[in-house]
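Close look at the chain arrangement
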Amino acid sequence: MDRTNNKNSNTVNRNNNGNGNTNISGNTVNRNNINVDRSRDITINNNHNTVVRRNTVVYVRPPYRYGGYRYNTYHPYYFHPYRPYYYGPVWHPWGFFVATLAVTAIVVSVESSQYHYDQGVWYAPSSGGYTAVPAPVGGTVNNIPSGAETVNTGTVNNYYYGGTYYEKDGSSYKVVPPTAGTLVDNLPEGGKEVTIGDVKYVKFGETYYQPVEVDGKSKYEVVLVEEDK
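For the structure given in this document, a descriptive report is provided here. (Residues numbered from 1 in each chain as written. Predicted model: local features only at pLDDT ≥ 70, side-chain atom pairs only at ≥ 80, totals over all residues. Heavy atoms only, no water.)

Details of the packing of aromatic side chains
Each aromatic ring pair is described using two quantities: the centre-to-centre distance and the angle formed by the ring planes. Stated precisely, the cut-off is as follows: Pairing of aromatic rings covers Phe, Tyr and the six-membered ring of Trp, with a centre-to-centre limit of 6.5 Å; geometry is then stacked below 30 degrees between planes, edge-to-face above 60, and tilted otherwise. Strands here mean DSSP runs of E at least two residues long; helices mean DSSP runs of H or I at least four residues long; both are numbered from the N terminus. Throughout this description, buried means an accessible area under 20% of the type-specific maximum (1.4 Å probe, protein chains only), exposed means over 50%, and partly exposed covers the range between.
Scanning all chains against the criterion turns up 12 aromatic pairs. Between Tyr87 and Tyr161, the ring centres sit 4.7 Å apart and the planes meet at 65 degrees, which makes this aromatic pair edge-to-face. Remark: Tyr161 occurs in strand 13 (residues 157–161) and Tyr87 occurs in the loop between strand 5 (85–86) and strand 6 (97–98); sequence separation between them is 74 residues. Assessed through its relative accessible area of 4%, Tyr87 is described here as buried.

Printed below as a string of structure tokens:
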């Protein structure tokens, strides 16, 4: 059964509503000269936006098995090199340090921890400033960047921007983990290609993405990784 039709992603435009977000179209570039001060890195909690949620749609393709694990995807592997997507000058990858935040930044509390959110980037306080960190699952904001994509998880629509997934929660947007099988057009800086057996995935945080091709276009699919018991 062909289930590709419900997983296409499209760029959507939303009104700014005065939150300082801009419509960033973005281009694919290599940003090898970015200034990331690793000496100021903070400990990143790996339960933040890295645990993949299981999809309710049954896999009809057999998983790729290697090293005691099963790598489940809906689409066949189709290699294309990882080229980080440039979201514009206000977006920063995990680990990026800034001394001060823009006046558009807001404070968001999640499970007694305090974060700062500004135009699609989440920051945590660190020595002498703030460090970009994975979006905390459960973090809720009133607005997300107008350049976010709508991606279908197989059950509900998510909004995807800069490696982070959001679900509509009333009039707000809540950070959620990626759902297995979700297709995205691009991955931002911060991922790395990892070779597992004969397959080369892109690992972003703790989430694996398989390069695929859908309707002649290169995309990435969120992989469900399970122990091969």
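Here the narrative resumes, following the displayed structure.
Section: the sheet that holds strand 20 (residues 217–222)
Rules: Pairing between two strands is assigned when DSSP locates at least 2 bridges connecting them.
Pairing within the open sheet is antiparallel, and its 5 strands lie in the order 16-20-19-18-17. Only two strands of the sheet have a single neighbouring strand rather than two, namely strand 16 (183–184) and strand 17 (192–196). Bridge count between strand 19 (residues 207–214) and strand 20: 6 bridges; the pairing is antiparallel. Bridge pairing in strand 20 places Glu213 opposite Ser218.

Here we look at the pairing of strand 17
Where strand 17 lies against strand 18 (residues 199–204), 5 bridges are found, and the strand directions are antiparallel. In the sheet register, Thr195 faces strand 18, and the bridge partner there is Lys200. Remark: 2 residues form the turn of the hairpin made by strand 17 and strand 18, two consecutive strands paired antiparallel; Gly197 in that turn has positive phi of roughly 65 degrees.

By themselves these figures say nothing about function.
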